[in-house]
Amino acid sequence: MHEAAYAKINLALHVRRRRDDGYHELETVFAFVDQGDLLTASPSARDVLHVKGEFAAGLGNGDDNIVLQALAALGHVPGWSVSLDKRLPVAAGLGGGSADAGAIFRMVRRWGGLPDNWREIAARLGADVPACVDSVTCIGLGTGTELLPIANDLAGKPVLLVNPRIPLSTGPVFRGWSGIDQGPLPEGSAWEMALYGRNDLELSAMELVSEVADVLELLRASNAAVSRMSGSGATCFALYHDDEALAAAQAEIQRKRPDWWTMAGKLR
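A few points on the structure. All values reported here derive from a predicted model rather than from experimental measurement.

Rules used throughout
- Residues numbered from 1 in each chain as written.
- Predicted model: local features only at pLDDT ≥ 70, side-chain atom pairs only at ≥ 80, totals over all residues.
- Heavy atoms only, no water.
- Helix = DSSP H or I, 4+ residues; strand = E, 2+ residues; numbered from the N terminus.
- Rg over C-alpha atoms; globule rule 2.2 N^0.38 Å.
- Areas by Shrake-Rupley, 256 points an atom, 1.4 Å probe, with all protein chains shown as cover.
- Lys, Arg positive; Asp, Glu negative; His and termini not counted.
- Charge placed at Lys NZ, Arg CZ, Asp CG, Glu CD.
- Salt bridge = Lys/Arg side-chain N within 4 Å of Asp/Glu carboxyl O.
- Buried < 20%, exposed > 50% of the residue type's maximum accessible area, 1.4 Å probe, protein only.
- Phe/Tyr/Trp six-rings, centres within 6.5 Å; stacked < 30°, edge-to-face > 60°.
- 1 Å grid on protein atoms, 1.4 Å probe; cavity = no way out; pocket = protein on both sides within 12 Å on 5 of 7 lines; lining within 4 Å.
- Points joined across faces, edges and corners; volume = space filled by probe spheres on them.
- Nonpolar A, V, L, I, M, F, W, Y, C, P; charged D, E, K, R; others polar.

## Describing the overall build of the protein chain
In step 1: Secondary structure assignment for the protein chain yields nine helices and 10 strands.
In step 2: In terms of overall size, the protein chain behaves like a compact globule, its C-alpha atoms giving a radius of gyration of 18 Å where 268 residues would be expected to give roughly 18 Å.
In step 3: The dimensions of the protein chain, computed from C-alpha atoms along their principal axes, are 55 × 45 × 35 Å.
In step 4: As displayed, the protein chain offers around 11,500 Å² of accessible surface, 50% of which is attributable to carbon and sulfur atoms.
In step 5: Side chains of the protein chain carry 25 positive and 33 negative charges; the gap between the two charge centres is 2 Å.

Here is the structure:
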């Protein structure tokens, strides 16, 4: 079986408060790009993972990889040999590992079905995993695991992802949050939330990786309809009204910063 692990972006990410359990209360809008990692699975005597691709060096093949954790948690039979083509940067705010796990859930669903408590299993693997299973635009509440449907008027919208090739761990970014509640998500469709929302972690991420500000500066100068950091960074995204505007923006950024990673696609 073959499955894409679609890149996750946060069209908006509002941090409302720090919780007593150490996590943060969030309001976010998940969206997914039609590009990402690629997984292939075939029957095997036991679960085994082979990682290749541009960003394979950032991952291991051992039991700490979320792909093997997802397989073990779902208790499927028989074993699977999984090849993971790692095309998304690691620790980049794109939910790469969560997207890989989500792809495993979809393959297990096709193979023989998911257990009734699959949402709980997904949440234990990571806060973004439940959203990544179906990889459709939705609202995430709590730590991001409580999902609500939303009117998706962004399907097919051209999107550009840009990362300065600097990993950025989630924990330090959240610890650097100001602690100031700047208000809830705006009401409306996905487009309205993207247009009028914000990412409350941008300033914290910029303090840790100043290049985030450089990425946003170039995206905001590129005739983008919306540009923002995704998740805890350091990847930023821009939405465009047409393919020509996206292509021109990507070409200009690649000319100015050939050392940065870019990926063009469309929202699902």
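This is not the end of the story, as more comes after the structure.
## Looking at the pattern of salt bridges
In step 1: Applying the stated criterion to the full structure yields 18 salt bridges.
In step 2: Taking the shortest distance from any N to any O, the salt bridge between E25 and R19 comes out at 3.3 Å.
In step 3: The exposure class of R19 is partly exposed, given its relative accessible area of 23%.
In step 4: What you see here is one network of salt bridges that share partners, running through R17, R19, D21 and E25.

## Here we look at the packing of aromatic side chains
For any pair of aromatic rings, the description consists of the separation of the ring centres together with the inter-plane angle of the planes.
In step 1: Across all of its chains, the model carries three aromatic pairs by this definition.
In step 2: Consider the rings of F55 and W261, whose centres lie 6.4 Å apart with planes at 80 degrees: the pair is edge-to-face. Placement of F55 in the loop between strand 3 (48-52) and helix 1 (66-74) and of W261 in strand 10 (residues 261-266) is noted, with a sequence separation of 206 residues between them. You'll find F55 and W261 in the same group, each marked buried.
In step 3: On the basis of an interplanar angle of 80 degrees and a centroid distance of 5.8 Å, the ring pair of W80 and W111 is categorised as edge-to-face.

## Description of the layout of surface pockets
In step 1: A volume near 1,000 Å³ is recorded for the largest pocket.
In step 2: S98, A127, D128, T170 and S232 are the residues nearest the centre of the largest pocket, which is lined by 46 residues in total.
In step 3: Listed by contribution, the elements that provide at least two residues to the lining of the largest pocket are strand 1 (2-18), strand 2 (24-44), helix 2 (96-111), helix 3 (118-125) and helix 5 (170-175).
In step 4: Of the residues belonging to the lining of the largest pocket, the class tally is 17 nonpolar, 20 polar and nine charged.
In step 5: As a volume, the second largest pocket reaches approximately 210 Å³.
In step 6: W118, R119, P130, D134 and L147 are, among the 14 residues lining the second largest pocket, the residues nearest its centre.

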